[in-house]
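Read off the chains here:
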Amino acid sequence: MSARVVVTAVALAALAAASAQALRGDAGVQGAAAVTVLRPARVFDGEAIREGWVVVMRDSRIEAAGAAASLVIPSGAATVDLPGMTLMPGLIEAHSHVLLHPYNEASWNDQVLLQPESLRVARAVNHLKATLDAGFTTIRDLGTEGAGYADVGLKQAVNQGIIPGPRMLITTRAIVATGTYAPKGFSPEWTIPQGAEEADGDALIRVVREQAGRGADWIKVYGDYRAGPRGEAMPTFSLEEMTLIVQTARSIGRPVVVHASTPEGMRRAALAGAETVEHGDGGTAEVFKLMAERGVALCPTLAAGHAISQYGGWRPGEGAEPARLVQKRATFKLALAAGVTIAAGSDVGVFAHGDEARELELMVAYGMTPIDALRSATSVNARVLHLEAQIGRIARGLTADLVAVAGDPTKDISAVRQVTFVARNGAIVRRPR
Ligand SMILES: [Zn+2]
């Protein structure tokens, strides 16, 4: 009996050590020089372009940023010259799926039903590296799509320095109303594993708490889906259910993110208190006005529809633009006109990880200025994700998540693809040759 007590005590100590490690989180990332001075041609600090600025990193923090003449450079500091380059806050991707890979390589159904979770995790390790190398130092990953709680371990692996990757906010399995999601089309006698967890009514309370308890930073909900009698998108959760989800999540500090592309699905999400709406393809002026009034951000995922249209055979610049993209351009303009906060998020996973810049290019092609697209992917996303005290700007005291690109992306947004330098948490993971 006493031996059992000892074993229990040892197990508890191990658990305590493990949770202390989890709490320390990013502390596991190694390799930062003590003090490094970065000398780019210009700085985009998350708000504006600053000519002639230098940035000083000490360990994991930005110690100083400003005009070179105004700063005292610590003696013994290492210098990284970034000639002709723009130094920016690490980019933030607000809608990713690291456990998916492009649908022209394997359909979503096949990924969910045929691929072992271990295979999907192996791919995700590569996806995380590609994302970080592309200058995206933070992602909000919006559902494992059938891969259970695999995002929890991936996040721990990054935080413990086991694999390279961006800072992760995760949502685990995500929640769908019974019978509304996918894979679909099988004999009704069979129970087919779904790409998210089904729950309805009061059971939503337990599922929200369970996903949060197992590691979800945000609660992801499908507010509508192709559940209509002809497979058309229709609202799934009632306003009462959506409100129950938001109240339950909010009381334990988890914001709610809602997939919605119908006006009614978006309206219920906004009224219930969701913080971001994903896609919004069918949004109207009225529902965007409601979102703006309630401070609900839109993650437009322009790149997802653009990629799927190409998988259907369309080539950009050739022939008429597909109807779904014509509609997407129009509704994106309505959102901008209504003053909705735009959170840069691409649904990457539908297309290749490491190619997140597509979304920023499309935001500009569809009507935003380059600097607004950059603000969206930095300071705005940091605010939307409740991380503004840590990341999203280049300012004294913030975490040293930094990326440099050749050229000036406020003049040509595609410069964000020319990544030459990446630091995450003060650790330089990529530098100019
Ligand atoms: Zn998605």
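It should be noted that the structure appears before, not after, this text.
A brief report on the enclosed structure follows. Each chain has its residues counted from 1, following the order in which its sequence is written. Per-residue local features are limited, in this predicted model, to residues with pLDDT of at least 70; the limit for side-chain atom pairs, both in listing and counting, is 80 or more; totals at the level of whole chains, interfaces and linings are taken over all residues. The basis for the side-chain values is all heavy atoms of the structure; hydrogens and waters are excluded.

Here we take up the overall build of the protein. A tally of helices and strands in the protein yields 12 helices and 19 strands. Residue exposure (1.4 Å probe, protein chains only): buried if accessible area is under 20% of the type maximum, exposed if over 50%, otherwise partly exposed. In the protein, which comprises 433 residues, the proportion classed as buried is 53%. Of the accessible surface of the protein, which amounts to about 17900 Å², a share of 55% is contributed by carbon and sulfur atoms. By the counting rule applied here, Lys and Arg register as positive and Asp and Glu as negative, while His and the ends of each chain are not counted. Every charge is mapped to an atom, namely NZ of Lys, CZ of Arg, CG of Asp or CD of Glu. Once the 43 positive and 44 negative side-chain charges of the protein are each reduced to a mean point, those two points are 4 Å apart. Each helix is a run of DSSP H or I of at least 4 residues and each strand a run of E of at least 2, with the numbering of both proceeding from the N terminus. Here the open area of atoms and residues is found with the Shrake-Rupley method and a 1.4 Å probe, where only the protein chains shown may cover a residue.

What follows deals with the sheet that holds strand β7 (residues 136-141). DSSP-based pairing: two strands are paired if at least 2 bridges between them are found. Taken in spatial order, the 3 strands of this open sheet run β6-β7-β8, and their pairing is parallel. Lying at the two open borders of the sheet, with one neighbouring strand each, are β6 (91-96) and β8 (167-170). Averaged over all pairs of adjacent strands, the angle between their axes in this sheet comes to 15°, without regard to strand direction. Set on the sheet, helix α3 (residues 117-133) makes contact with β7 and β8; between it and β7 the angle comes to about 130°. Axis definition: a line fitted to C-alpha atoms, limited for helices to the stretch in contact. Angles are taken between N-to-C directions and run from 0 to 180 degrees. Contact between two residues is taken to exist if any of their heavy atoms lie within 4.5 Å; hydrogens are not considered.

Reference values for coordination geometry: four tetrahedral donors around a metal ideally subtend 109.5 degrees, six octahedral donors ideally subtend 90 or 180 degrees. Listed donor atoms are N, O and S within 2.8 Å of the metal (Na, K and Ca: 3.2 Å). As water is not included, a site may look incomplete. H95 (NE2), H97 (NE2) and D347 (OD) make up the full set of protein donors to the zinc ion, lying at 2.0 to 2.2 Å. Mapping the donors of the zinc ion onto the primary sequence gives the spacing H-x1-H-x249-D. Of this pair, H95 sits in strand β6 while D347 is found in the loop between α10 (323-338) and α11 (357-365), placing the two residues 252 residues apart along the sequence. Given a relative accessible area of 9%, D347 falls into the buried group.

Turning our attention to helix α12 (residues 370-384). In α12, a bend of some 45° at S376 exceeds every other bend along the element. Burial runs high along α12: 12 of the 15 residues are buried. Listed in full, the buried residues belonging to α12 are P370, I371, A373, L374, S376, A377, T378, S379, V380, N381, A382 and V384. Throughout, the bend at a residue refers to the angle made by two axes, fitted to the seven residues ending there and to the seven starting there.

Let's shift gears to the nonpolar core. Core analysis: the largest hydrophobic core is formed by 66 residues, its most contacted members being I219, V256, M291 and M363. The criterion is simple. A nonpolar core is a set of buried Ala, Val, Leu, Ile, Met, Phe, Trp, Tyr and Cys residues joined through side-chain atoms within 4.5 Å. If you look at the next biggest cluster of nonpolar residues, it comprises 18 residues, including V43, I394, L398 and A400.

Here L204 is to be found in helix α5 (residues 203-213). By relative accessible area, which is 0% here, L204 ends up buried. The spacing of L204 and D412 is 208 residues in sequence and 46 Å in space, taken between C-alpha atoms. When near neighbours in sequence (up to four residues on either side) are disregarded, L204 contacts I175, A199, F237, E241 and I245.

Any two of the Phe, Tyr and Trp rings considered here, Trp counted by its six-membered ring, make a pair once their centres fall within 6.5 Å; the pair's planes then place it as stacked at under 30 degrees, edge-to-face at over 60, or tilted in between. In this structure the tally under the stated criterion is 5 aromatic pairs. Seen from their ring centres, W108 and Y181 are 5.6 Å apart, and the 75° between their planes marks the pair as edge-to-face. In this pair, W108 is assigned in helix α2 (residues 108-114) and Y181 in the loop between β9 (175-176) and β10 (197-198), connecting sequence segments 73 residues apart. A ring pair is formed by Y181 and Y222, whose centres lie 4.5 Å apart and whose planes are at 40°; its orientation type is tilted. Here the residue Y181 occupies a position in the loop between β9 and β10, and Y222 occupies one in strand β11 (residues 219-222), the gap between them amounting to 41 residues. Judged by its relative accessible area of 3%, Y181 falls in the buried class. An aromatic cluster of at least three residues, connected via ring pairs, comprises W108, Y181, Y222 and Y225. Charge-over-ring contacts are defined here by two conditions on Lys NZ or Arg CZ: a distance within 6 Å of the ring centre and an angle within 35 degrees of the ring normal. Just above the ring of W218 sits the side chain of R140; from NZ or CZ to the centre is 4.6 Å.

Turning our eyes to something else, we now look at helix α9 (residues 302-311). Counting buried residues along α9, 7 of its 10 residues qualify, which places the element largely inside the surrounding structure. Within the span of α9, buried status applies to L302, A303, A304, G305, H306, A307 and S309. If you follow the buried residues of α9, they end up packed against α10 and α11. Taken from the residues just after α9, G313 is the one with a positive phi, measuring 110°.

P183 follows A182 through a cis peptide bond whose omega is 0°. Position of P183 relative to the elements: it lies in the loop between β9 and β10. Even without being glycine, D59 reaches a positive phi, approximately 50°.

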